[in-house]
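Close look at the chain arrangement
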Amino acid sequence: PLFVDELALAVPPDHRLAARRSVRFEELRDEAFVGFKPGTAIARTVALAAAAHGFAPKVAFESGDALTVRALVAEGSGVTVLPRDIAEIAGPEVRIVPFVRPKVTRTIALAHLAQRRPSPATALLGAFLREQLRG
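The paragraphs below set out a description of the structure included in this document.

Conventions we followed
Residues numbered from 1 in each chain as written. Predicted model: local features only at pLDDT ≥ 70, side-chain atom pairs only at ≥ 80, totals over all residues. Heavy atoms only, no water. Helix = DSSP H or I, 4+ residues; strand = E, 2+ residues; numbered from the N terminus. Polar contact = N/O pair within 3.5 Å; in protein donor to acceptor, adjacent residues only side chain to side chain. Contact = heavy atoms within 4.5 Å. Phe/Tyr/Trp six-rings, centres within 6.5 Å; stacked < 30°, edge-to-face > 60°. Buried < 20%, exposed > 50% of the residue type's maximum accessible area, 1.4 Å probe, protein only. Arc of directions from axis to C-beta. Salt bridge = Lys/Arg side-chain N within 4 Å of Asp/Glu carboxyl O.

Another point: the side chain of Glu27. If you trace the backbone, Glu27 turns up in the loop between strand E1 (3–11) and strand E2 (32–36). Engagement of the side chain of Glu27 in a polar contact is seen with the side chain of Arg20, the distance being 2.9 Å. Here the side chain of Glu27 touches Arg24 through a polar contact of 2.8 Å, landing on its backbone nitrogen. Apart from residues no more than four positions distant in its own chain, Glu27 is found in contact with Arg16, Leu17 and Arg20.

The full count for this structure, using the stated rule, is two aromatic pairs. The interplanar angle of 25° and the centroid separation of 6.0 Å between the aromatic rings of Phe25 and Phe55 together place this pair among those described as stacked. Of the two residues, Phe25 sits in the loop between E1 and E2 while Phe55 sits in the loop between helix H1 (41–52) and strand E3 (58–63), which places them 30 residues apart along the sequence. Comparing Phe25 with Phe55, the two get one shared label, buried.

All right, on to helix H2 (residues 66–74) then. Buried within H2 are the following residues: Ala66, Val69, Arg70, Val73 and Ala74. Taken down its axis, H2 places every buried residue within 140° of arc, on the same side. Those residues of H2 that are buried lie in contact with E1, E2, E3, strand E4 (80–83) and helix H3 (84–87). The N-terminus of H2 is capped by Asp65, whose side-chain oxygen sits 3.3 Å from the backbone nitrogen of Leu67. Count one or two residues on from H2 and you reach Gly76, which has phi positive near 90°.

Our focus in this paragraph is the pattern of salt bridges. This model, assessed by the stated rule, comprises six salt bridges. A salt bridge links Glu31 to Arg16; its shortest N-O distance comes to 2.8 Å. Of this pair, Glu31 sits in the loop between E1 and E2 while Arg16 sits in the loop between E1 and E2, and the two are 15 residues apart along the sequence. Residue Glu31 is classed as buried on the basis of its relative accessible area of 12%. Overall, the relative accessible area of 54% leaves Arg16 in the exposed class. Ionic pairing is found between Arg95 and Glu93, a salt bridge with its closest N-O pair at 2.4 Å. Judged by its relative accessible area of 33%, Arg95 falls in the partly exposed class. Overall, the relative accessible area of 47% leaves Glu93 in the partly exposed class. Because the salt bridges share partners, they merge into one network encompassing Arg20, Arg24, Glu26 and Glu27.

Have a look at this one:
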């Protein structure tokens, strides 16, 4: 593992949850989602979080690009779940609402084949990334 990435809800500025300080994932049961393409880490994370709360997200639109997803949310096409660093960059206006009880996260990791020791390049990359992430 390299780091744990906190995810947050992004909603259009005029959305009913836009003024909230926090949101629980189960409050999204009836929302239309702008989702990421199936198979992506965020799509899996959202599906698992929804399933843990007894529902499947109602995906109205999908994209493989985070900025496109954010733009669709800004235009009122639905809500989405984004990494905080992407949610907070400059771009079309959205409101960011953190999740509580529990927080929604994903772990970013560097992987290698279990039956082999990491190659020198993999070990150096891992050390470099860990050092960068600490700073």
